Amino acid sequence: MRFALCQISSTADPQENLATVRTEIASAARQGARVVHFPEATQCRFGVDLKPVAEPLDGPWATEVRAIADEHDVVVVAGMFTPGEGSRVTNTTLVTGAGLHLGYDKIHLFDAFGFKESDNVTPGEKPVTFDVDGVTIGLATCYDVRFPELFRTLATTAPVILVGASWGAGPGKADQWDLLVQARALDATSWVLACGQAFPDADYGSAPTGIGRSAVVDPIGTVRERLDGRPGTIVSDVDPALIEDVRAKLPVLANRRL
């Protein structure tokens, strides 16, 4: 199955970002991608009030993404914000196209490194998977990558796990991102395809607005492709059947005792 990882730099304007999504989907579809993966916060970058941006999955932004996905016969995975509890929003990953329209709500909120996502975001409660052409795909968002138990749970059914991120910059953060993405592929013995926001051109203060470094990592932890901090796209063929061979040689899921 061919995946496209579209490493973009979202703005504070959802309509401007929608235009970028439209362009990237068309390009990915021309290259034969079946699943087009965008980062966390594709709808709107962090560092602004997200409450006015949030809308349900049947709202205009997500509905338009669905129409674009259907036009190009692809499945699109993209970060957006839906209404949360009280004045908060929910950090949601939209999955749409090819008869699918659902969302994953980020479980682990980024209350770390001086940032407190839980002040403005309601956490999700359960893992989410979906099927494309007989392949089960799991979802995770940014800070989720620090929690191996989520990836092991997804790995029970999903040979491919997509991670959308808007990773915060700072000393050692790029090294941590690279290490964690590879470690989660090894923990799960699954493909991990991590798509991050590109490093922004402007300074948005302490908001986690991205460092790039999107990557395709195979079930043995080998980085097949990786971008730098600039906007760009990876188009990669992923073989879910590789999972059987890897898990026969490295049966960490079968061998675990806790």
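This write-up is about the structure you can find in this document.

### Overview of the packing of helix α3 (residues 148-155) against helix α4 (residues 173-188)
Move 1: Their axes nearest at 8 Å, the elements α3 and α4 cross at an angle of 45 degrees. Considering the angle they form, α3 stands oblique to α4. For α3 against α4, the interelement crossing comes out right-handed. Residues P148, F151, R152 and A155 of α3 pack against R184, D187 and A188 of α4.

### Comments concerning the nonpolar core
Move 1: Formed by 47 residues in total, the largest nonpolar core has its most connected members in F3, F130, I137, V160, L162 and L193.
Move 2: In contact with L193, other than residues within four places in its own chain, are F3, L5, H37, V160, I161, L162, V163, A215, V216 and V238.
Move 3: Core analysis: the second largest hydrophobic core is formed by 20 residues, I8, V21, F38 and M80 among them.

### Brief notes about the pattern of salt bridges
Pairs can form between side chains of opposite charge whenever their charged atoms are close.
Move 1: Applying the stated rule across the entire model yields 14 salt bridges.
Move 2: D187 serves as the salt-bridge partner of R152, at 4.0 Å between the closest nitrogen and oxygen. Remark: D187 occurs in helix α4 and R152 occurs in helix α3; sequence separation between them is 35 residues.
Move 3: In this structure, R226 and D178 form a salt bridge, with 3.6 Å as the shortest nitrogen-oxygen distance. Placement of R226 in strand β14 (residues 223-226) and of D178 in helix α4 is noted, with a sequence separation of 48 residues between them.
Move 4: Salt bridges sharing partners connect three or more residues here, namely R34, D73 and D133.

### What to know about unusual backbone geometry
Move 1: In this structure, A41 takes a positive phi of about 60 degrees despite not being glycine.
Move 2: The phi torsion at D73 lies on the positive side, around 55 degrees, for a residue other than glycine.
Move 3: Relative to the helices and strands, D73 resides in the loop between α2 (60-72) and β3 (75-83).
Move 4: Assessed through its relative accessible area of 52%, D73 is described here as exposed.

### Here's the deal with the sheet that holds strand β10 (residues 135-141)
Move 1: The six strands lie next to each other as β9-β10-β11-β12-β13-β14, forming an open sheet whose pairing is mixed. Looking at which strands have only one partner, the edges of the open sheet turn out to be β9 (129-132) and β14. Going from strand to strand, the sheet's axes swing by 20 degrees on average, the running direction of each strand aside.
Move 2: Bridging between β10 and strand β11 (residues 160-165) involves five bridges; their strand directions are parallel. Looking at β11, one finds that L139 is bridged to L162.
Move 3: Sitting on the sheet, α3 is in contact with β9, β10 and β11, with an inclination near 165 degrees to β10.

### Observations concerning the side chain of H37
Move 1: Along the chain, H37 falls in strand β2 (residues 35-37).
Move 2: Residue classification places H37 among the buried positions, given a relative accessible area of 1%.
Move 3: Contact partners of H37, with chain neighbours within four places excluded, come to A4, L5, C6, V77, L162, V163, G164, L193 and C195.

### What about the packing of helix α1 (residues 14-30) against α2?
Move 1: Relative orientation of the contacting elements α1 and α2 amounts to 15 degrees, with a least axis distance of 10 Å. As judged from the angle between their axes, α1 and α2 are roughly parallel. As α1 packs across α2, the resulting crossing turns out to be right-handed. Contacts from P14, Q15, L18, R22, I25, A26 and A29 in α1 reach W61, E64, V65, I68, E71 and H72 in α2.

Conventions we followed
Residues numbered from 1 in each chain as written. Predicted model: local features only at pLDDT ≥ 70, side-chain atom pairs only at ≥ 80, totals over all residues. Heavy atoms only, no water. Axes fitted to C-alpha atoms, helices over the stretch in contact; angles between N-to-C directions. Helix = DSSP H or I, 4+ residues; strand = E, 2+ residues; numbered from the N terminus. Parallel < 35°, antiparallel > 145°, perpendicular 65-115°, else oblique. Left-handed = near helix turned anticlockwise from the far one by under 90°. Contact = heavy atoms within 4.5 Å. Core = buried A, V, L, I, M, F, W, Y, C linked by side-chain atoms within 4.5 Å. Buried < 20%, exposed > 50% of the residue type's maximum accessible area, 1.4 Å probe, protein only. Salt bridge = Lys/Arg side-chain N within 4 Å of Asp/Glu carboxyl O. Pairing = 2+ DSSP bridges.

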